[in-house]
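# Structural overview
If you want the building blocks of each chain, they are given just below.
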Amino acid sequence: MMSKLESKEDKMLEVQFVGDDDVLNHILDREGGAKIKKERAQLLVNTKKIIKKPEYDLEEDDQEVLKDQNYVEVLGRHVQESLKNGSATDGGNKVYSFQNRKHPEKMAKLASELAKTPRKSVSSNLKSDPEITIDIPQCSKGHSASDKVQLKNNDKSEFLSTAPRGLRKRLIVPRFHSDSESEYSASNSEDDEGVAQECEEDTNEVILSEQIQAQNRVVSAPVCKETPSKKMKRDKTSDLVEEYFEAHSSSKVLTSDRTLQKLKRAKLDQLFHKWMLQLHLGFNIVLYGLGSKRDLLERFRTTMLQDCIHVVINGFFPGISVKSILNSITEEVLNHMGTFRSVLDQLDWIINKFKEESSLELFLLIHNLDSQMLRGDKSQQIIGQLSSLRNIYLIASIDHLNAPLMWDHAKQSLYNWLWYEATTYSHYTEETSYENSLLVKQSGSLPLSSLTHVLRSLTPNARGIFRLLIKYQLDNQDNPYYIGLSFQDFYQQCREAFLVNSDLTLRAQLTEFRDHKLIRTKKGTDGVEYLLIPVDNGTLTDFLEKEEEEF
Amino acid sequence: MATSSVSKGCFVFKPDFKKRKISVPIEDYFNKGKNESEDSKLRFETYQLIWQQMKSETERLQEELNKNLFDSLIEFLQKSHSGFQKNSRDWGCQIKLREIPTAALVLGVNVTDHDLTFRSLTEVLQNNVTPYVVSLQAKDCPDMKHFLQKLASQLMDCNVDVQSKEKESVQVTQKKIPYSMDSLSTWYMSVTQKTDVKMPRKKRTPSQWQSPPVVLILKDMESFTTKVLQDFIIISSQHLHEFPLILIFGIATSPVVVHRLLPHAVSSLLCIELFQSLSCKEHLTTVLDKLLLTTQFPFKLSEKVLQVLTNIFLYHDFSIQNFIKGLQLSLLEHFYSQPLSVLCCNLPEAKRRINFLSDNQCENIRRLPSFRRYVEKQASEKQVALLTNERFLKEETQSLLENLHVYHTNYFLVLRCLHQFTSSLPKYPLGRQIRELYCTCLEKNIQDSEEYASALQLLRMLAKDELMAMLQKCFKVFKSSSEKQLGNTAKRIEEFLAQFQSLDAEAKEEEEDTSESQSKGLQKTDLYHLQKSLLEMKELRRASKRQTKFEVLREQLVSFIDSLAREYLLLPETQPLHEVLYFSAAHTLRQHLNAAPRIALHTALNNPYYYLKNEALRSDEGCIPNVAPDICIAYKLHLECSRLINLVDWSEAFATVVTAAEKMDANSVTSEERNEIIQYPLKSLLQCPSKHTE
């Protein structure tokens, strides 16, 4: 009996915890995010508005009704807050700056208080809230069900909001007295804080146990595909929706970013610690998934790597090369001024150096390991060899759909990857900012895909002309002195193939090619024009094969 | 310090003063961000201990498995080199001297493991045969020049170890020597002469060898350019009399490849002997056998995890290294995520640790599902005691843990025994390898499975000598373990053996009987009688079959095995406290080891609801929710017309989708707003095509 009861209770508790957690998240995103933005704007304006501000904190629907009451509460709280800060007499700028720092935490506290209330309302108002009680048993069935519950709860946040308001009143009443008895109120507020913290700890703990259970449950319920890390991501991404739309309305992302950091710090911290652990145990970490992972890695860097030597490598930077990576390691990390005969020599030197000095530790953070410049076989081999060293830790992100194809078995064993999914949906702002940049020299080489795309938009005759040129170039690929096909010969060939009927039409076609950078013309020593396709022969062969398949 | 710049892509960060980077002990990462109270330090230590043991065990296994191969290789090297030693003038030897002794080492496709094998091979050779061991990889040697350069520099390095004084001069000269076979052989002569002088003093192991051979290992023979190989072989065969070269080819596919790569003229210069390394599957079996199917390591894998690991092995890489890595990861995850894993150590230590468990940990024990189930089965006062009294709980936990260990010893013995019986049945209903049997046993109650039933059916049809052989093996299994628990069983098996043997004599007598009756029956020649007697004989035989002692005994044996399986091969999930030892988060493992980035991208683009969990995003096939992230909308529009998309059309469509929900007339959108909207897909556009044009 007893045990059954307990187990039942346990289950109930779990369920409620899940709900809380999500409600907490939800409220934090929705209100916390919005609030801070507003607040930031207001901080710049004047004092009155700051005092009024918490009205927005509470439910806006009930705003009119409770206006007066809230106003008083807020006043009281504000005074009390300043008392606690020890700067009651100080008005003006100091307070603002102080508050500016403090507010996010207060928001979190407030939100966690709010988050605590629904549970109470559930347990006390069981009858008034039939829907929720129905949800609970569903919850215990499986994870997918609990997701539904979260959502329902989310939808009902307005509905539930009555309870928080009641609680707030209760909580704030003692504070209201604080005008007269400052000491008492101080202790009281500490209590409050304690409660809030407890609540937070509680939820944290629950998250842990929930994770464990989720792991256990994976076996039985294939539907729920979540694991702690992923779940974390997912939670985070749910924040990102809100963040996203805020970003949409006003392109400043900075503010909401801040809240995210505050709210998820604990969870992220745990994740980062795990990464550090795994890195130290000889694994390397690779992040994949839609959305820029730069911010995540940056945060990892700023939280965990402050005291370590680390190198951040922007793979998306068009001028990046393995040589420059190795150079920055030898010159800046190891303070070596000499030069090396080749990249491999340099690599050997680095490897020896790191093997000799076992106390040396280096973290490599590579954004976009799969970028154009680094995806080559040799580059990957070198980076892989670096990462296989015991005291070099690599954490990288990949974005390309086919990025894993870069690595064969040998490289994969060098890298010793642990994969982490990080779908963030954030913009690739930084990563794409170098595209078509004037500061960066474009290599001018055309990959196969663009070649196909351009050619597809042309007439069949133009394609035929181009094909002729390709074939001629491929026939001559073994000739080291090949400078191109002379215009006259080309014209002759085109005429024979019934592709053009006059000198002029061919020239018109060629202009088109030239505009797309498909061909280059050169004047030979004899003053004749020679035509050349500035694409390497491998690509051309591929292209021809593809063409033949299609037509 | 910013990490973006238009002029450089690498940013080095060094902490201000060097002393600050005193590295944080790894344990800190293990317990940070979690509750401190849950013995995390102890857990981490236990993890490291177990991992070290497992690692050294696997290394030992590797060595053991390679030993045979290496021994025969060494023998081959010594034998083939003796010709050079003797320097005999005999014609046969002269001919043979033209041929480079070559060992073709077929290693299998698990390329990642080869490195390790070669490393230990080099070591073994250097210790036993010759100091001059060089290994080359195809990617270092695109042409002859590089090939010789690498060869020479590695050879000289080998030599440098011997004469460290000359290190400097050698390194200086290294850059200047034009590498050729000539220079190599002169170098070899000078070196061997020198070492000859030194030899008696230094007491080199193969002291009887005046000129140690040069062993060249080509790690991946298939990927070498044929031209380089041919040239090298032809040249070096010319120099063989002064430069005793022995080749070792590492071959991943099949030995035929040597002849495919080299024309007859070249391959006739080689004197090839084939060596086959142990197949990786057998290797896996031994590793599993020694790491998991043993009570030596308390850590165990659940069925799903084992499946994931073996599947990665069998369908992806055949790499033992990766398998071990997976094992390491699961070990780490287990200790990281399960607070009670602190008890995952050997029994006496675990018992000691139980006494020091904190209240929190006791609570954790009570929360274990398996423990809860166990409590529910107890009498009510015991339940109360278990749930309230810490001391009682600890005692109970101790006994439960002990039971768990006993369960494992019995389990593995019976498993092996059953494997002996089922591994050679026709069609292998329960698998050939013990790991397959183990997997089925972990997955469900084996006696309920069809395969088990059919296996027993087949056992009932086996002949006596087969059964005897199995029994013998089984008996050995039981004997090899010193455990007392199943002593009875061993005795039973011995009895069975004895009974089967005693059957022999009786059987002979019976046979005589039947032969007599047969001869009697054949005396009559008329048809009717013949038929009648045949019928009689048939009936007689059937009757006698039913009564044969052998059959009775066989029936007994089968039911005995069945009872063993029923009694001991219980599911681990039924054991209380199994969570302490079993790691079951198969999904985490798969996600980290065998991720599917393609699927993740696809889901993120097509079904943002999966990640964002926003009700508004839940949509039917084919329609585009306007609140979805821009990139998803852009992607779906892109799918509509994926070949050559008009940028303006695209952004127009995008604007329509986005603004539709805001109940705004597209015309009323100011141009500024529209511009802003359009900007987003443009940004994502740059990333998008690169993703799905391929």
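Residues numbered from 1 in each chain as written. Chains lettered and ligands numbered in written order. Predicted model: local features only at pLDDT ≥ 70, side-chain atom pairs only at ≥ 80, totals over all residues. Heavy atoms only, no water.

An unreviewed UniProt entry lists chain B under the name Origin recognition complex subunit 3, with Neophocaena asiaeorientalis asiaeorientalis given as the organism. For the record of chain B, the UniProt heading Subcellular location (unreviewed entry) holds the text "Nucleus". Listed under Sequence similarities (unreviewed entry) in UniProt, the entry text for chain B is "Belongs to the ORC3 family." (UniProt positions renumbered as here; feature names shortened; annotations may be inferred.)

By the naming in an unreviewed UniProt entry, chain A is Origin recognition complex subunit 2, taken from Neophocaena asiaeorientalis asiaeorientalis. The record in UniProt for chain A states the following under Sequence similarities (unreviewed entry): "Belongs to the ORC2 family."

### Describing the overall build of chain B
When helices and strands are tallied, chain B shows 31 helices and 8 strands. For chain B, buried positions account for 49% of its 694 residues. Considering only intrachain contacts with a sequence separation of at least 6, the fraction spanning at least 24 residues in chain B is 76%. Of the accessible surface of chain B, which amounts to about 35,300 Å², a share of 52% is contributed by carbon and sulfur atoms. (Helix = DSSP H or I, 4+ residues; strand = E, 2+ residues; numbered from the N terminus. Buried < 20%, exposed > 50% of the residue type's maximum accessible area, 1.4 Å probe, protein only. Contact = heavy atoms within 4.5 Å. Areas by Shrake-Rupley, 256 points an atom, 1.4 Å probe, with all protein chains shown as cover.)

### Digging into the overall build of chain A
Of regular secondary structure, chain A possesses 23 helices and 8 strands. Sorting the 551 residues of chain A into buried and exposed places 52% on the buried side. Across chain A, every contact between residues at least 6 apart in sequence was considered, and the portion connecting residues at least 24 apart equals 73%. Element-wise, carbon and sulfur atoms account for 52% of the exposed surface of chain A, whose accessible area totals about 26,300 Å².

### Side note on the confidence of the model for chain B
Residues and elements named next belong to chain B. Overall, the prediction assigns chain B a mean pLDDT of 78, with 78% of residues at 70 or greater. Considering each helix and strand of chain B separately, the mean pLDDT is smallest for helix α31 (residues 671–692), with a value of 43, and largest for strand β8 (residues 582–583), with 92. Below a pLDDT of 50 lies the segment residues 161–176, which in the model reaches 12 contacts outside its immediate sequence neighbourhood of four places, other chains included. (pLDDT = per-residue confidence, 0-100.)

### Concerning the packing of helix α14 (residues 347–355) of chain B against helix α18 (residues 390–422) of chain B
Residue and element names in this part refer to chain B. Orientation of α14 relative to α18, taken along the N-to-C sense of each, is 165 degrees, at an axis distance of 9 Å. Taken together, the axis directions place α14 and α18 in an arrangement best described as roughly antiparallel. In terms of crossing hand, the pair formed by α14 and α18 is right-handed. In this structure, α14 contributes L347, A350, K351, I354 and N355 to the contact, and α18 contributes K394, T397, Q398, L401, E402 and H405. Taken together, the residues of the contact of α14 with α18 break down into 4 nonpolar, 4 polar and 3 charged. (Axes fitted to C-alpha atoms, helices over the stretch in contact; angles between N-to-C directions. Parallel < 35°, antiparallel > 145°, perpendicular 65-115°, else oblique. Left-handed = near helix turned anticlockwise from the far one by under 90°. Nonpolar A, V, L, I, M, F, W, Y, C, P; charged D, E, K, R; others polar.)

### Here we look at the packing of aromatic side chains
Residues and elements named next belong to chain A. Counted under the stated rule, the structure contains 32 aromatic pairs over all chains. Look at W275 and Y420: their rings are 5.7 Å apart centre to centre, the planes differ by 65 degrees, and that puts the pair in the edge-to-face class. Placement of W275 in helix α12 (residues 254–280) and of Y420 in strand β5 (residues 417–421) is noted, with a sequence separation of 145 residues between them. Classification of W275 by relative accessible area gives buried; the value is 0%. (Phe/Tyr/Trp six-rings, centres within 6.5 Å; stacked < 30°, edge-to-face > 60°.)

### Observations regarding unusual backbone geometry
Residue and element names in this part refer to chain A. If you check the backbone angles, N368 has positive phi at about 55 degrees while not being a glycine. Summarising the element assignment, N368 is placed in the loop between β3 (362–367) and α16 (377–387). Phi at F498 takes a positive value of approximately 60 degrees, unusual for a residue other than glycine. For F498, the position within the fold is in the loop between α21 (487–496) and α22 (503–515). With relative accessibility at 73%, the residue F498 sits in the exposed group.

### Description of the pattern of salt bridges
What the rule picks out here adds up to 27 salt bridges over all chains. Where A:K411 meets A:D408, a salt bridge forms, and the shortest distance between an N and an O atom there is 3.7 Å. Judged by its relative accessible area of 3%, A:K411 falls in the buried class. The salt bridge partner of B:D289 is B:R416, with a shortest N-O separation of 2.8 Å. Taken together, the residues B:D289 in helix α11 (residues 280–291) and B:R416 in helix α18 connect sequence positions 127 residues apart. Overall, the relative accessible area of 23% leaves B:R416 in the partly exposed class. Residues participating in the shared-partner salt-bridge network are A:D377, A:D408 and A:K411. (Salt bridge = Lys/Arg side-chain N within 4 Å of Asp/Glu carboxyl O.)

### Overview of the nonpolar core
Counting residues in each nonpolar core, the largest one holds 136 residues, and the members touching the most others are A:W275, B:F371 and B:F421. Broken down by element, the residue count for this core peaks at 13 residues, all from α18(B). Excluding residues that lie within four positions of it along the chain, B:F371 makes contacts with B:I365, B:R366, B:L386, B:L393, B:L400 and B:L577. Counting residues in each nonpolar core, the second largest holds 65 residues, with A:V311, A:V333, A:W419 and A:Y428 among its members. (Core = buried A, V, L, I, M, F, W, Y, C linked by side-chain atoms within 4.5 Å.)

### A short note on the confidence of the model for chain A
All names here are of chain A. Within chain A, residue pLDDT values average 63, and 48% of them lie at 70 or more. Here residues 1–19 is a poorly scored stretch, pLDDT under 50, and it has 24 contacts once near neighbours within four places are set aside; other chains count. Predicted confidence for residues 27–237 stays below pLDDT 50, and this span has 238 contacts to residues more than four positions away or in other chains.

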